[in-house]
Amino acid sequence: MIFVSFVTINVFASTYGKIWLERWANRGGGQKPLYVTIYFLLAICNTIGNGGYVWAILILISPATARRLHYVVLRTVIRATPQFLSTVDNGSILNRFSQDMTLVESQLPIGVLITVSNLFSSIASAALIATGSEYMAISLPFLIFAVFLLQHVYLKTSRQLRLLDLESRSPLYSHFLDTVEGLATIQAFGWEEDFQNKNSRLLDVTQRTYYMLNCIQRWLNLVLDLIVAAEAIIVVSLAVFLRQKTSVGLLGVSLNSILSFNGSLSSLISGWTQLEISLGSISRVKDFEMEVPSEVTSGKTEPPSDWPDRGAIHVSEVSAQYHPKAIALKSVSLVASPGQKIGICGRTGSGKSSLLSAILGILTITNGSILIDNVDLATLQPERVRERIVTIPQDPFIMVGCTVRLNTDPTGKFPDADIIAALDRVGIWKGVLDDRGGLEAEITNTLSLSRGQQQLLELARAILKIQASNAKILLIDEATSGVDMETDAHVQALLRREPFHSCTALTVAHRVHTLMDHDLVLVLDQGKVIEMDGPGKLAGRKDSIFSSLLNSQAY
């Protein structure tokens, strides 16, 4: 309502100013103080209305709309099922956050602004044009019909082209992401030219629809110019042939309005099309929210406040999959007593990380059950389970652009002394972070951390989480894959002390020899448990896969 009110004030002031000048001219320019004052007030109202509706749409309405819709997309992705996330194209998800959100945040408010303001301006200009002759009003229904027909044809075409433009960008984004992730491999094999050529081909595809959009916009401007030219011819013809029924002042107002009518009409259709395109992005966001399958949370309960209080894990005949054609685990069984340290090893693709993912509810369990302290995880809310378990992933999660304090303690529960102590324990405070600005330093491209340092930051985060929640279960997925042997030995010593020592730990090892001090070693192959025993016993068996991995250092 605020937006429409400001638009009305703006259009009324700008339109009535022309009529006010015509009245002043008809009276021979007399009563200057009155007419100048009113004209000056109309100019002020015009300026206030113009600034007001721009402020309303860009400051008051647009940010709130963009935040809400961005949250919808983010929530949909976060709550999506693992099967969806493992099969969907990454470029398609990125397209929702980039192209669609760009249209919603920048194009949508501009489309509303242009459409509404130019709709009012076009109506006012058409009314002023009709004042040039008594018979000019007869042409208005034909004008409205012509504009409606033009908009109908143009809108259908431009909408489809814009949707094609949005869809054609997903393969380009996916290719770019794949190139960034596999840059080292591309350079090693000399595939730079092939990837550049493929990128150029995908870019050409996206430019075809963009070029066609520009073509039809030029066509639209041409047709609108012809319509306005026809209106101008009608006005002048009526003025010439019906001189006695034509006011000289109103004819001037009419001809002057024709000059701006073309721009208003063109902007109206262009703004309406831009608005329709932006609404198409909102429609895509809505379809994305409705079509993406979410994790089942209905019928599941909250875990007890002190759960897990012991840390006993019982995995019974669990089979799990990412999707029907990608079986990850096949009848895996495991019993971990409270405080027990269990190592997991195997060749690449054997299902090591999949076992940890199944415990976290990331995989779809098709058979069997997982119990922690005699509570079936299938009956609990998945996000609550993940909150109660401390996880150190292989790929560290670092929030770029945030401070070291926020990255180490996202919940903000700990004083600076405890955060510094945790960072110092893992070995990245002295000589690394304290020299670069301390806890207030932002992790950006200028304060970049190596992969090993990022993994140590994850370890410090885990220390604080265990201290805060008194967690009893620790899942480690190759947490030292990016550090050297000396740092790895330091980390292994940390994991054998408090607060990690009292936790039940499942460790996927990057270096197999680090499992020798564990209570039990689990060897997986193709999603099945093929060996499970103490590390000393498995190492002493010549036919053991663990022994072969240990001897060959295949880690």
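Everything below is about the structure shown above.
On a predicted model such as this, the values are computed, not experimentally measured, just so you know. (Residues numbered from 1 in each chain as written. Predicted model: local features only at pLDDT ≥ 70, side-chain atom pairs only at ≥ 80, totals over all residues. Heavy atoms only, no water.)

Student: Describe the overall build of the protein, naming the residues involved and giving the relevant values.
Tutor: The helix and strand tally for the protein stands at 17 helices and ten strands. In terms of overall size, the protein is more extended than a compact globule, its C-alpha atoms giving a radius of gyration of 34 Å where 555 residues would be expected to give roughly 24 Å. Summarising its shape, the C-alpha atoms of the protein cover approximately 115 × 50 × 50 Å along the three principal directions. The buried share among the 555 residues of the protein stands at 44%. Counting contacts in the protein only where the partners sit at least 6 residues apart, residues at least 24 apart contribute 77% of the total. For the protein, the separation between the mean place of its 47 positive charges and that of its 50 negative charges on side chains is 7 Å. (Helix = DSSP H or I, 4+ residues; strand = E, 2+ residues; numbered from the N terminus. Rg over C-alpha atoms; globule rule 2.2 N^0.38 Å. Buried < 20%, exposed > 50% of the residue type's maximum accessible area, 1.4 Å probe, protein only. Contact = heavy atoms within 4.5 Å. Lys, Arg positive; Asp, Glu negative; His and termini not counted. Charge placed at Lys NZ, Arg CZ, Asp CG, Glu CD.)

Student: Can you break down the pattern of salt bridges residue by residue, with the values?
Tutor: Tallied over the entire structure, the rule returns twelve salt bridges. Linking Arg541 and Asp543 is a salt bridge whose minimum nitrogen-to-oxygen distance equals 3.7 Å. Members of the salt-bridge network, linked through shared partners, are Arg96, Asp100 and Arg284. (Salt bridge = Lys/Arg side-chain N within 4 Å of Asp/Glu carboxyl O.)

Student: Residues and numbers for the sheet that holds strand 2 (residues 326–336), please.
Tutor: On the basis of which strands lie adjacent, the open sheet formed by four strands has the order 2-1-4-5 and antiparallel pairing. The sheet terminates laterally at strand 2 and strand 5 (375–376), the two strands that pair on one side only. Two strands pair when backbone bridges link them, and strand 1 (residues 313–323) and strand 2 are joined in this way by seven bridges, in the antiparallel orientation. Note on strand 2: the bridge partner recorded for Ile313 is Ala336. Across the sheet, helix 9 (residues 352–359) lies against strand 1, strand 2 and strand 4 (364–372), angled at about 75 degrees from strand 2, the strand it touches most. (Pairing = 2+ DSSP bridges. Axes fitted to C-alpha atoms, helices over the stretch in contact; angles between N-to-C directions.)

Student: Describe a nonpolar patch on the surface, listing the residues and the values that go with them.
Tutor: On the surface, Ile2, Trp55, Leu58, Ile59, Leu60 and Ile61 cluster together to form a nonpolar patch covering roughly 540 Å² of accessible area. By the element assignment, Leu60 lies in helix 2 (residues 32–78). (Patch = residues over 30% accessible without salt bridge, like charges linked within 9 Å, V, L, I, M, F, W, Y side chains within 5 Å. Areas by Shrake-Rupley, 256 points an atom, 1.4 Å probe, with all protein chains shown as cover.)

Student: Before we move on, could you go through the nonpolar core and cite the residues and values that matter?
Tutor: With 36 residues, the main nonpolar core has Leu423, Val426, Leu433, Leu459, Leu474 and Phe500 as its most contacted residues. Where this core is concerned, the elements lending two or more residues are strand 6 (390–392), helix 12 (416–426), helix 13 (429–433), helix 14 (451–469), strand 7 (473–477) and helix 15 (485–495). In terms of residue count, helix 14 provides more of this core than any other element does, eight residues in total. Ignoring sequence-local partners within four residues, the contact set of Val426 consists of Leu456, Leu459, Ala460, Ile463, His490 and Leu494. If you look at the next biggest cluster of nonpolar residues, it comprises 32 residues, including Val318, Leu329, Ile342 and Leu506. (Core = buried A, V, L, I, M, F, W, Y, C linked by side-chain atoms within 4.5 Å.)

Student: If you had to explain the pairing of strand 9 (residues 520–525) to someone new, which residues and values would you point to?
Tutor: With five of its six residues buried, strand 9 lies for the most part within the structure. Between strand 9 and the antiparallel strand that follows it, strand 10 (residues 528–533), lie two residues; Gln526 among them carries a positive phi value of about 55 degrees.

Student: Quick rundown of the side chain of Asp165? Include the residues and the values.
Tutor: Looking at the secondary structure, you find Asp165 in helix 5 (residues 139–181). The exposure class of Asp165 is buried, given its relative accessible area of 0%. Only 3.3 Å separates the side chain of Asp165 from the side chain of Arg169, close enough to count as a polar contact. When near neighbours in sequence (up to four residues on either side) are disregarded, Asp165 contacts Thr206, Thr209 and Tyr210. (Polar contact = N/O pair within 3.5 Å; in protein donor to acceptor, adjacent residues only side chain to side chain.)

Student: Give me the sheet that holds strand 7: which residues, what numbers.
Tutor: Strands sit in the order 6-7-8-3-9-10 across an open sheet of six strands; the sheet is mixed. In this open sheet, the two strands that pair with only one neighbour each are strand 6 and strand 10. Taking the axes of each pair of neighbouring strands and ignoring which way they run, one obtains an average angle of 15 degrees across the sheet. Where strand 3 (residues 341–345) lies against strand 8 (residues 504–508), four bridges are found, and the strand directions are parallel. Bridging across to strand 8, Lys341 finds its partner in Ala505.

Student: An account of helix 14 is requested, with residue identities and associated values reported.
Tutor: Spanning 19 residues, helix 14 covers 27 Å between terminal C-alpha atoms, matching the ideal 27 Å at 1.5 Å per step. Immediately downstream of helix 14, the backbone of Asn470 shows phi near 55 degrees, a positive value. (Expected span 1.5 Å × (residues − 1).)

Student: Lay out the packing of aromatic side chains with the relevant residues and their values.
Tutor: The tally for this structure, following the rule as stated, stands at three aromatic pairs. Relative to Tyr53, the ring of Phe3 lies with its centre 6.2 Å away and its plane at 85 degrees, an arrangement referred to as edge-to-face. Here Tyr53 lies in helix 2 and Phe3 lies in helix 1 (residues 2–26), a separation of 50 residues in the sequence. Assigned by exposure class, Phe3 and Tyr53 land together as buried. Taking 4.9 Å as the distance between ring centres and 20 degrees as the angle between the ring planes, the aromatic pair formed by Phe189 and Trp191 counts as stacked. Judged by its relative accessible area of 56%, Phe189 is exposed. (Phe/Tyr/Trp six-rings, centres within 6.5 Å; stacked < 30°, edge-to-face > 60°.)

Student: Residues and numbers for the pairing of strand 7, please.
Tutor: On a regular strand, each side chain points to the face opposite its neighbour's, so the side chains alternate between the two faces of the sheet. Within strand 7, five of the five residues are buried, leaving the element largely enclosed by the surrounding structure. Because side chains alternate across strand 7, one face comprises the buried residues Ile473, Leu475 and Asp477, and the other comprises Leu474 and Ile476, equally buried. The pairing of strand 6 with strand 7 spans three bridges and is parallel. Its bridge partner being in strand 7, Ile392 is matched across the sheet by Ile476.

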